[in-house]
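Listed here are the chains, written in short residue letters.
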Amino acid sequence: MNIIVVKNEAEVVEKLKQEIEQRSEEALKTRGVFRLGLSGGSLVSYLSSALESIKSSDLDKWQFFFCDERFVPDTDGDSTYGVYKTALIPKTTLKEKQFVWIDLSGSVENCAEDYEKKILKEFSMEKASVPRFDLLLLGMGPDGHTCSLFPGHALLEEHHKLIASIDDSPKPPPKRITMTLPLINNASCCIFAMCGEGKADMVKRVFVDKESLPAGMVKPTNGDLLCILDEAAGKYVK
Ligand SMILES: O=C(O)[C@H](O)[C@@H](O)[C@H](O)[C@H](O)COP(=O)(O)O
């Protein structure tokens, strides 16, 4: 775990941009495609600002997936994809077709199964194999949740599904799909980006005191783990 504390949100965005650019170059060099997973919440604005200033001609070789998504239409204010469609895509040369989104036509369980199939297809992999994302961008909630993996929830014990559904999320809306720990921890790199005093206590509990909370269970088996914080969020980090 590499905890990076910088001065303020602008520097968090700049550091995030540098990491994303570096990882994209590596991925494009070796695989010709850069696959990253997105989270909702405040990360949307950090990433939108970071990508706005990336002028790479290879942005069209980037593929975006969702670390978790709310089971609502993309026109709904709660839709993470919906927010990226308005906050990110218009600011960049990115196209909607670069975003691998969910299918809402069935139940939330069907949606999770379908999204797992979509991911395996994009990675041209068979069932039972675990895709390796180049980068997962994560946030952490005030209870230590990340993606839609909440403290004490049975999904933390999920060892087979790569994408699981939840219909009792403590954070509204209740129905969501989420990457599970086996998929998250197979990534080449996971980055938490967080700002503000409101995060400081949980940052200390999870990343300093190592309490067993969902965000603390993000431990890439053979990958990097970074936590980029502003001074307020990192005030208890030595
Ligand atoms: O869709 C979601 O709700 C997120 O993926 C969730 O896991 C988020 O990352 C945290 O709740 C942190 O959100 P904030 O950064 O807004 O505090």
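Parameters at a glance
- Residues numbered from 1 in each chain as written.
- Predicted model: local features only at pLDDT ≥ 70, side-chain atom pairs only at ≥ 80, totals over all residues.
- Heavy atoms only, no water.
- Near = heavy atom within 4 Å.
- Polar contact = N/O pair within 3.5 Å; in protein donor to acceptor, adjacent residues only side chain to side chain.
- Nonpolar A, V, L, I, M, F, W, Y, C, P; charged D, E, K, R; others polar.
- Patch = residues over 30% accessible without salt bridge, like charges linked within 9 Å, V, L, I, M, F, W, Y side chains within 5 Å.
- Areas by Shrake-Rupley, 256 points an atom, 1.4 Å probe, with all protein chains shown as cover.
- Salt bridge = Lys/Arg side-chain N within 4 Å of Asp/Glu carboxyl O.
- Lys, Arg positive; Asp, Glu negative; His and termini not counted.
- Charge placed at Lys NZ, Arg CZ, Asp CG, Glu CD.
- Helix = DSSP H or I, 4+ residues; strand = E, 2+ residues; numbered from the N terminus.
- Buried < 20%, exposed > 50% of the residue type's maximum accessible area, 1.4 Å probe, protein only.
- UniProt positions renumbered as here; feature names shortened; annotations may be inferred.

Caption draft 1: View of the site of the ligand. With respect to spatial proximity, 15 residues lie near the ligand, and among them Ser 42, Asp 68, His 145, Cys 147 and Lys 199 are the closest. Between the ligand and Gly 40, the relevant distance is 3.2 Å, taken from an oxygen atom to a main-chain nitrogen or oxygen of the residue. At a separation of 2.6 Å, an oxygen atom of the ligand approaches a polar backbone atom of Cys 147. Its residues assigned to classes, the shell around the ligand comprises two nonpolar, eight polar and five charged.

Caption draft 2: Geometry of a negative patch on the surface. Negative charge collects at one region of the surface, where Glu 109, Glu 113, Asp 167 and Asp 168 lie side by side. Within the secondary structure, Asp 167 is located in the loop between β6 (163-166) and β7 (176-179). Asp 167 gets classed as partly exposed once you look at its relative accessible area, which sits at 47%.

Caption draft 3: Representation of the UniProt feature "coiled-coil region" (unreviewed entry) in the chain. Taking the numbering used here, the UniProt-annotated feature "coiled-coil region" (unreviewed entry) corresponds to residues 3-30. Split by type, residues 3-30 is 79% helix and 14% strand. Its first and last C-alpha atoms lie 27 Å apart.

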